Amino acid sequence: MGHCRLVKDGKRTAHGCEELFVSTIYNKALERKIINNLSNKELGIVFSGGAARGAYEIGVWKALIELDLANKVTGISGTSVGALNALLFAQGDYDAAANVWEQVQKRDLIKPRFRLKEKSINTLQQNTERAKTPDEVVTNLYDWIRQFSISLIDNNVPKLIDQSIKDYSFMTNKLIYTCLSLRGWPVFQNADNELDPEWHREWYVPLNILDNTDLKTIVTASTRIPVVYPKSSINHMSFVDGGVTDNTPVKPLLNAGFKKIIVVHLDNRQYQECNIIHKENSTVYNIVPSGDLKGYLSIDRGLTLGRREMGYEDTIRFLGFFLERGMI
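The rules we used
Residues numbered from 1 in each chain as written. Predicted model: local features only at pLDDT ≥ 70, side-chain atom pairs only at ≥ 80, totals over all residues. Heavy atoms only, no water. Helix = DSSP H or I, 4+ residues; strand = E, 2+ residues; numbered from the N terminus. Contact = heavy atoms within 4.5 Å. Areas by Shrake-Rupley, 256 points an atom, 1.4 Å probe, with all protein chains shown as cover. Phe/Tyr/Trp six-rings, centres within 6.5 Å; stacked < 30°, edge-to-face > 60°. Buried < 20%, exposed > 50% of the residue type's maximum accessible area, 1.4 Å probe, protein only. Lys NZ or Arg CZ within 6 Å of the ring centre and 35° of its normal. Core = buried A, V, L, I, M, F, W, Y, C linked by side-chain atoms within 4.5 Å. Pairing = 2+ DSSP bridges. Arc of directions from axis to C-beta. pLDDT = per-residue confidence, 0-100. Polar contact = N/O pair within 3.5 Å; in protein donor to acceptor, adjacent residues only side chain to side chain. Salt bridge = Lys/Arg side-chain N within 4 Å of Asp/Glu carboxyl O. Axes fitted to C-alpha atoms, helices over the stretch in contact; angles between N-to-C directions. Parallel < 35°, antiparallel > 145°, perpendicular 65-115°, else oblique. Left-handed = near helix turned anticlockwise from the far one by under 90°. Nonpolar A, V, L, I, M, F, W, Y, C, P; charged D, E, K, R; others polar.

1. Describing the overall build of the protein chain
Helices and strands together make up the secondary structure of the protein chain, namely 11 helices and 15 strands. A fraction of 75% describes how many contacts in the protein chain between residues 6 or more apart in sequence connect residues 24 or more apart. On the protein chain, roughly 16,300 Å² of surface is accessible, and the fraction owed to carbon and sulfur atoms is 52%.

2. Describing the packing of aromatic side chains
One pass over the full model with this rule turns up seven aromatic pairs. Here Tyr 285 and Phe 322 contribute two aromatic rings whose centre-to-centre distance is 6.2 Å and whose plane-to-plane angle is 70°, an arrangement assigned as edge-to-face. Of this pair, Tyr 285 sits in strand 15 (residues 282-287) while Phe 322 sits in helix 11 (residues 301-324), placing them 37 residues apart in sequence. Aromatic pair Phe 321 and Phe 322: ring centres 5.2 Å apart, planes at 90°, arrangement edge-to-face. For Phe 321, a relative accessible area of 40% translates into the label partly exposed. Ring pairs connect the aromatic residues Phe 47, Trp 61, Phe 89 and Tyr 94, which therefore count as one cluster. One residue, Arg 53, lies across the ring of Tyr 296, its end atom 4.1 Å from the ring centre.

3. Focus on the nonpolar core
Here is a general trend for soluble globular proteins: nonpolar side chains tend to be buried in one another's company. Among the nonpolar cores identified, the biggest contains 60 residues, and Ile 45, Leu 64, Ile 76, Leu 87, Phe 89 and Leu 319 are the most heavily contacted of them. The element contributing the most residues to this core is helix 3 (residues 81-91), with eight residues. Aside from chain neighbours lying at most four places away, what touches Phe 89 is Ile 45, Phe 47, Trp 61, Leu 64, Ala 70, Val 73 and Ile 76.

4. A few points about the pairing of strand 15
Burial analysis of strand 15 places six of its six residues in the buried class, the great majority of the element. Residues Ser 282, Val 284 and Asn 286 line one face of strand 15 and the alternating positions Thr 283, Tyr 285 and Ile 287 line the opposite face, and both faces are buried. Across five bridges, strand 13 (residues 260-264) lies against strand 15 in parallel orientation. Bridging across to strand 15, Lys 260 finds its partner in Thr 283. Examined bridge by bridge, strand 14 (residues 275-279) and strand 15 share five bridges and lie antiparallel to one another. What sits directly across from Asn 275, in strand 15, is Asn 286. Hairpin connection between strand 14 and strand 15: a loop of two residues separates the two successive antiparallel strands, and Glu 280 in this loop has a positive phi of roughly 55°.

5. Here we look at helix 8 (residues 157-164)
Burial in helix 8 covers these residues: Val 157, Leu 160, Ile 161 and Ser 164. Down the axis of helix 8, the sector holding all buried residues measures 100°, keeping them to one side.

6. Quick look at unusual backbone geometry
Residue Ser 80 is not a glycine yet carries a positive backbone phi of 55°. Of note, Ser 80 is situated in the loop between strand 4 (75-79) and helix 3. You will see that Lys 294, though not glycine, has its phi angle at about 70°, which is positive. Its location among the elements puts Lys 294 in the loop between strand 15 and helix 11.

7. Some thoughts on the confidence of the model for the protein chain
In this model, the protein chain carries a mean pLDDT of 79, and residues with pLDDT of at least 70 account for 72%. Of all secondary-structure elements in the protein chain, the lowest mean pLDDT belongs to strand 8 (residues 187-188), at 42, while helix 2 (residues 55-66) reaches the highest, 98. In this model, residues 1-16 is a region of pLDDT below 50 whose contacts with residues beyond four sequence positions or in other chains number 31 contacts. Within the model, pLDDT remains below 50 along residues 114-119, and this stretch shows 11 contacts once partners closer than five positions in the same chain are excluded.

8. Some thoughts on the side chain of Thr 223
Mapped onto the elements of the fold, Thr 223 is located in the loop between helix 9 (212-222) and strand 11 (232-234). A polar atom in the side chain of Thr 223 sits 2.7 Å from the backbone oxygen of Thr 220. Not counting residues within four places of it along the chain, the set of residues in contact with Thr 223 comprises Ser 80, Val 81, Asn 155, Val 157, Tyr 229 and Asp 241.

9. Structural notes on the environment of Leu 69
Of note, Leu 69 is situated in the loop between helix 2 and strand 4. Look at Leu 69 and you get buried, because its relative accessible area is 4%. Along the primary structure Leu 69 and Ile 328 are separated by 259 residues, whereas in three dimensions their C-alpha atoms are 9.2 Å apart. In this structure, Leu 69 is in contact with Leu 43, Leu 64, Leu 319, Leu 323 and Ile 328, ignoring residues within four places of it in sequence.

10. Remarks on the pattern of salt bridges
Following the criterion strictly, the structure yields five salt bridges and no others. Among the salt bridges present, the one from Glu 102 reaches Arg 301, with a minimum N-O distance of 3.2 Å. In this pair, Glu 102 sits in helix 4 (residues 94-103) while Arg 301 sits in helix 11, placing the two residues 199 residues apart along the sequence. Here Arg 269 makes a salt bridge to Asp 267, at a shortest N to O gap of 2.7 Å. Taken together, the shared-partner salt bridges in this structure form one network comprising Glu 102, Arg 301 and Arg 308.

11. Topic: the packing of helix 2 against helix 4
What describes two packed helices is the angle between their axes and the distance between those same axes. Remark: helix 2 packs on helix 4, axes separated minimally by 10 Å, with the N-to-C direction vectors making an angle of 155°. In terms of axis orientation, helix 2 runs roughly antiparallel to helix 4. Of the two elements, helix 2 crosses helix 4, and the hand of that crossing is left-handed. From helix 2, Ala 55, Ile 58, Trp 61, Lys 62 and Ile 65 reach across to helix 4, where they touch Tyr 94, Ala 97, Ala 98 and Trp 101. Its residues assigned to classes, the contact of helix 2 with helix 4 comprises eight nonpolar, no polar and one charged.

Below, the structure written as structure tokens:
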């Protein structure tokens, strides 16, 4: 079977764009169906990326339970570790999520990775010998190079998902997004041998449309911090941490029409303190850490509990004020 090629301004698009185009059209149709069937779009929540700092978001969750808000959330979005927390939040089992976070150790963030390639040089040689055009030669070489990574470590996100989620039935009554960063490579673009430079763009994926295996793959891909962890290859496309392009993915919930959105930040550089802003037709409640959450890859049980407690206290103080006045 031949390859479908997209053409713009007389030039063929970068390798992998065809698969992205087809999957995007298909995903958008399914996403629109889910949005239309979701009757309650009153409250959504966004979890930012921040590696080990994500324990702060578990504390926010605890506060939302006490404020009787957690069970009212029907839209959830997250990037990187926020994607993992979004999945845990959607499941609705706080105790399971808190237990997983309390057990996370340094080795779960920095797991040795010694297998650097999956295709042998012999396979590359055979494919190259069968190639009939220069373009096919470049494509074969490109696909083989994609199997390499300079990263010698990985994380245990798939294992953490398996430990905390056994039943995915919760996916049917909520809208859940994660953000990945699509990563391009320099490849031949047209007959003039022009090169398309490396590029990144955000890619929002509604997790509801995926089966359990693909869901785990997508969430894991969203946590792949460039240089620190290897990229993820999915359907001939490369993805890295969603935080590269959108570390706080509010956009999907805005587009879906959620009226109120709680946004949990793991860095106070953009916002110095908790605040409210208005975007489009939505009210956005920004929850910002009141103190230093320490390093992204720094973790032990003490740090986890401290981050969780800060998230809890910041949320109780900020959202509690507005709840008392009937403003949420």
